[in-house]
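An overview of the molecular structure
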Amino acid sequence: MSEKFWLVLQYPLKSVKGNQRDEWLKNKVMEYLNIYLSDAELGYVDGFDMGKCLSDPDKYVLNIFCVITDEQQSIALIKRVLREHRLDYTRIKIATMPFEDGETYTLKYAYKKGVTDFSL
């Protein structure tokens, strides 16, 4: 049986609710990830949240949550889909944690070299 993981794809926002473009981005990313993860039998999108960053209330983020079965393949697929469909690939962070008993997310990819911190 394959192990499951939570994966979160995070975009920075300029305001607590984002703007019209952020809303469009959220909808498109969720639509494409649901299609591609499902087709590859790697997982599905489980939801999103938008608002203040827990670790820094002065920053705002869009988090899109997925349940996946293979970290490496899923991350590679997500990066490819975002890049190919021009869905702000250059602004993302991707983190994962075990589905069962996971307590904290571990950063797996950041848009900028040297970024090591991640929080919801």
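Heads up: these notes are all about the structure in this document. (Residues numbered from 1 in each chain as written. Predicted model: local features only at pLDDT ≥ 70, side-chain atom pairs only at ≥ 80, totals over all residues. Heavy atoms only, no water.)

Some points on the overall build of the chain
- A tally of regular secondary structure across the chain gives 2 helices and 5 strands.
- Starting at the N terminus and walking to the C terminus, you meet the elements of the chain as β-α-β-β-α-β-β.
- Compactness check: the chain gives a C-alpha radius of gyration of 14 Å against a globular reference of 14 Å for 120 residues, within 12% of the reference.
- Here the C-alpha coordinates of the chain stretch approximately 40 × 30 × 25 Å along the principal axes.
- The 120 residues of the chain split such that 41% are buried.
- Sequence-distant contacts in the chain: of pairs separated by 6 or more residues, those separated by 24 or more amount to 62%. (Helix = DSSP H or I, 4+ residues; strand = E, 2+ residues; numbered from the N terminus. Rg over C-alpha atoms; globule rule 2.2 N^0.38 Å. Buried < 20%, exposed > 50% of the residue type's maximum accessible area, 1.4 Å probe, protein only. Contact = heavy atoms within 4.5 Å.)

Digging into the sheet that holds strand β1 (residues 5-13)
- Pairing within the open sheet is antiparallel, and its 5 strands lie in the order β2-β3-β1-β4-β5. This sheet does not close on itself; its edge strands, each paired only once, are β2 (43-52) and β5 (106-110). Here the strands of the sheet are splayed against their neighbours by 25 degrees on average, with no regard to which way each runs.
- Across the face of the sheet, helix α1 (residues 20-39) comes into contact with β1, β2 and β3 (60-68) while running at roughly 160 degrees to β2.
- Where helix α2 (residues 71-84) meets the sheet, it contacts β1, β3, β4 (93-98) and β5, and its direction lies at approximately 30 degrees from that of β1. (Pairing = 2+ DSSP bridges. Axes fitted to C-alpha atoms, helices over the stretch in contact; angles between N-to-C directions.)

Thoughts on the pattern of salt bridges
- Counted according to the given criterion, the structure contains 6 salt bridges.
- Residues Glu-84 and Arg-80 are paired through a salt bridge, measuring 3.4 Å at the closest nitrogen-oxygen approach. Linking Glu-84 with Arg-80, this pair stays in helix α2, spanning 4 residues, or about one helical turn.
- Classification of Arg-80 by relative accessible area gives partly exposed; the value is 35%. (Salt bridge = Lys/Arg side-chain N within 4 Å of Asp/Glu carboxyl O.)

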